[in-house]
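Chains, contacts and geometry: an overview
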Amino acid sequence: MSSNQRKKLIGLLLVFFVCLGSLSTPFQSFASFPEELRLFTGQQASLQLTMPVSAQVTVNNPEIVKVNGSTKHSFQVDLHNPISLESYKAGQAEMKLKLFGKIPLKTVKVNVVPDLKVIPGGHTIGVKLKSAGVLVVGHHLVTIADDKKISPGEDAKIQLGDLIVKINGKPLTDVSKVSELVAAAGENKKPLTLTITRNNEMIELQVQPSYDVVDKTYRLGLYIRDSAAGVGTLTFYAPDQGVYGALGHVITDMDTQTPITVGSGEIVHSNVTSISKSQNGEPGEKRAQFSKESKVLGNIEKNTSFGIFGKMGELPDHGLTKEALPVAFAEEVKEGPAQIYTVVNGQKVEKFDIEVIHVAKQDFPATKGMVIKITDPRLLEKTGGIVQGMSGSPIIQNGKVIGAVTHVFVNDPSSGYGCFIEWMLQDAGIMLRPAPTTITELKAS
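Residues numbered from 1 in each chain as written. Predicted model: local features only at pLDDT ≥ 70, side-chain atom pairs only at ≥ 80, totals over all residues. Heavy atoms only, no water.

1. Notes on the sheet that holds strand E6 (residues 83–87)
Stated precisely, the cut-off is as follows: Two strands pair if DSSP finds at least two bridges between them. In this description a helix means any DSSP run of H or I spanning at least four residues, a strand means any run of E spanning at least two, and both kinds are numbered starting from the N terminus. The axes are straight lines fitted to the C-alpha atoms, using for helices just the contacting stretch, and the angles between their N-to-C directions are given from 0 to 180°.
With antiparallel pairing, 3 strands are arranged side by side in an open sheet as E2-E6-E4. Strands with a single pairing partner mark the edges of an open sheet, and in this sheet they are strand E2 (44–47) and strand E4 (65–67). Geometrically, the sheet is characterised by an average inter-axis angle of 20° between neighbouring strands, direction not taken into account. By the bridge criterion, 3 bridges tie E4 to E6 in an arrangement that is antiparallel. From the neighbouring strand, valine 67 faces E6, where its bridge partner is leucine 85.

Structure below.
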């Protein structure tokens, strides 16, 4: 055998043993061993390296995290057995593993956050939202002569989705006030100064109202709206903080598809009267009723990528449980069986089986955290899968609240997306928020 052949053979053998080693249990355990771990106070975790050796473990803050039940800063552990961690109070700790007490093997940073439990919802709610200004949803032509039509607003470069927050320097909170201001400016032949929010920037534009010879009144040539209403599902109620979260996705204006900036709003009791079943290519919907006499459950303070949030004094009636459940971090969610809480008739919250079929790795807030599939025969028979109005239905797995239903797959309504509960809790202001979120679309479920 020549020298080159021997080198090739040795190389192939090395590649073989490396591949073989990568498939071994110790190697896979080492590769999956976390560098950072998050725990709630009182929560336990188990880590395993499955290595037939002992190591020196050092914990800088054993009063925050105990390893194998010990309060010592440093001691020996058998790496063939699982390493147990138990958190005792909020804070940060670091665990270091060294072979023979000298060779660094692994370092794990442990962040312990205060224990948090919420009551899962599932209740159908009516949503009444008023924007923080007047939203421009369209342009129209004003007839200023028999053969001439213009849109003063469009000519002034006012765009769809613009939010008019002031007119002539005065805050604008009611769409009914606009016609009075337009008429006065038109009669005085003076332009209106509009303060507009566009793409998170504040700009000022001037527009001169034009007299419509057909309607006999002054107009801006704009279609405007200041409110929205609809039906959704309550995701959670946090009794200690007195706050709620619902929907799981942002509310957008139906014409401009821009997120609605909250001026004020409220959620009320709602009653499901019927359901239009989902079919391939055509998502169904919950049909529900709510009126001015419906009991106000809470206010609306935020409309974010992960739903609506506000204050709520108590859990609504007709819930499945009044027991607060622990919540799961995003990395705790696993593929496998789960349940959703939702209403399919009247106001009664019921539990239905689903399957989490895919979990996205998300270290920071992002939508579409998991793909879910409805497996409950009764829910499939009743709704055909996920329907509009079901968004916000809490997802429960292994006794923990893990997320909420958000979107339906149009071509397979038995499946859809869910978001992680962690991101909703951050937007509700009851968990630390590491990063800003992205925007998603309303027209889903």
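Still more ground to cover, so stick around.
2. A short note on the nonpolar core
Let me state the cut-off plainly: Side-chain atoms within 4.5 Å are what join buried Ala, Val, Leu, Ile, Met, Phe, Trp, Tyr and Cys residues into a set we call a nonpolar core. A simple rule labels every residue: compare its accessible area, found with a 1.4 Å probe on the protein chains alone, to the largest value its type can have, and call it buried under 20%, exposed over 50%, or partly exposed in between. By the convention used here, residues are in contact when the closest approach between their heavy atoms is within 4.5 Å.
Ranked by size, the top nonpolar core spans 48 residues in total, and within it Phe236, Ile340, Ile395 and Leu425 carry the most contacts. Tallying contributions element by element places strand E32 (residues 400–409) first for this core, with 5 residues. Once you skip the residues sitting within four places of it in the chain, leucine 425 turns out to touch Leu116, Val118, Phe236, Val327, Ile430 and Met431. Formed by 26 residues, the second largest nonpolar core is a distinct cluster that contains Val59, Ile64, Ile83 and Leu105.

3. Digging into the sheet that holds strand E7 (residues 91–99)
Spatial strand order, E1-E8-E7-E3-E5: 5 strands in an open sheet with mixed pairing. Edge strands, defined here as strands with exactly one partner in the open sheet, are strand E1 (36–40) and strand E5 (74–78). Between one strand and the next, the sheet's axes are offset by a mean angle of 30°, whatever the strand orientation. Bridging between E1 and strand E8 (residues 103–113) involves 5 bridges; their strand directions are parallel. The residue of E8 that forms the bridge with phenylalanine 40 is valine 113.

4. Digging into empty space enclosed by the protein
Rules: Definitions used for this entry: grid spacing 1 Å over protein atoms alone; cavity, a set of points where a 1.4 Å probe fits but cannot get out; pocket, an open set with protein on both sides within 12 Å along at least 5 of 7 lines; lining residue, one with an atom within 4 Å of a point. Grid points are joined across faces, edges and corners, and a volume is the space filled by probe spheres set on the points. The residue classification treats Ala, Val, Leu, Ile, Met, Phe, Trp, Tyr, Cys and Pro as nonpolar and Asp, Glu, Lys and Arg as charged. All others, Gly included, are polar.
For the coordinates displayed, the defined rule picks out 2 cavities of 30 Å³ or more. By volume, the largest cavity is sized at about 50 Å³. At the level of secondary structure, the elements contributing two or more residues to the lining of the largest cavity comprise strand E10 (124–139) and strand E19 (222–238). Sort the elements by how many residues they give to the lining of the largest cavity and E19 lands first, with 4 residues. Here the residues of the lining of the largest cavity are counted per class, giving 3 nonpolar, 2 polar and 3 charged. The computed volume of the second largest cavity comes to approximately 40 Å³. His123, Thr124, His269, Ser270, Asp317, His318 and Gln347 together form the lining of the second largest cavity. Split into classes, the residues belonging to the lining of the second largest cavity amount to no nonpolar, 6 polar and 1 charged.

5. Re the layout of surface pockets
One number sums up the size of the largest pocket: a volume of about 1300 Å³. Lining the largest pocket we find 43 residues, and of these Leu37, Arg38, Phe329, Glu331 and Glu422 sit closest to its centre. Those elements that place two or more of their residues in the lining of the largest pocket are E1, E2, E7, E8 and helix H6 (421–427). With 5 residues, the single largest contributor to the lining of the largest pocket is E1. Here the lining of the largest pocket is built from residues that sort into 23 nonpolar, 8 polar and 12 charged.

6. Regarding the pattern of salt bridges
Between side chains of opposite charge, a pair can form when the charged atoms approach closely. We count it as follows: The working definition used for a salt bridge is a side-chain nitrogen of Lys or Arg within 4 Å of a carboxyl oxygen of Asp or Glu.
Applying the stated criterion across every chain yields a total of 15 salt bridges. Between aspartate 255 and arginine 225 there is a salt bridge whose closest N-O contact spans 2.8 Å. Taken together, the residues span a long stretch of sequence, with aspartate 255 in the loop between strand E20 (243–247) and strand E21 (262–269) and arginine 225 in strand E19 at a distance of 30 residues. What makes aspartate 255 partly exposed here is its relative accessible area of 45%. Using a relative accessible area of 22% as the deciding quantity, one classes arginine 225 as partly exposed.

7. Structural notes on the side chain of histidine 140
Relative to the helices and strands, histidine 140 resides in the loop between E10 and strand E11 (142–145). Once residues lying within four places of it in the same chain are set aside, the contact partners of histidine 140 are Ile150, Ser151, Arg219, Gly221, Leu222 and Tyr223.

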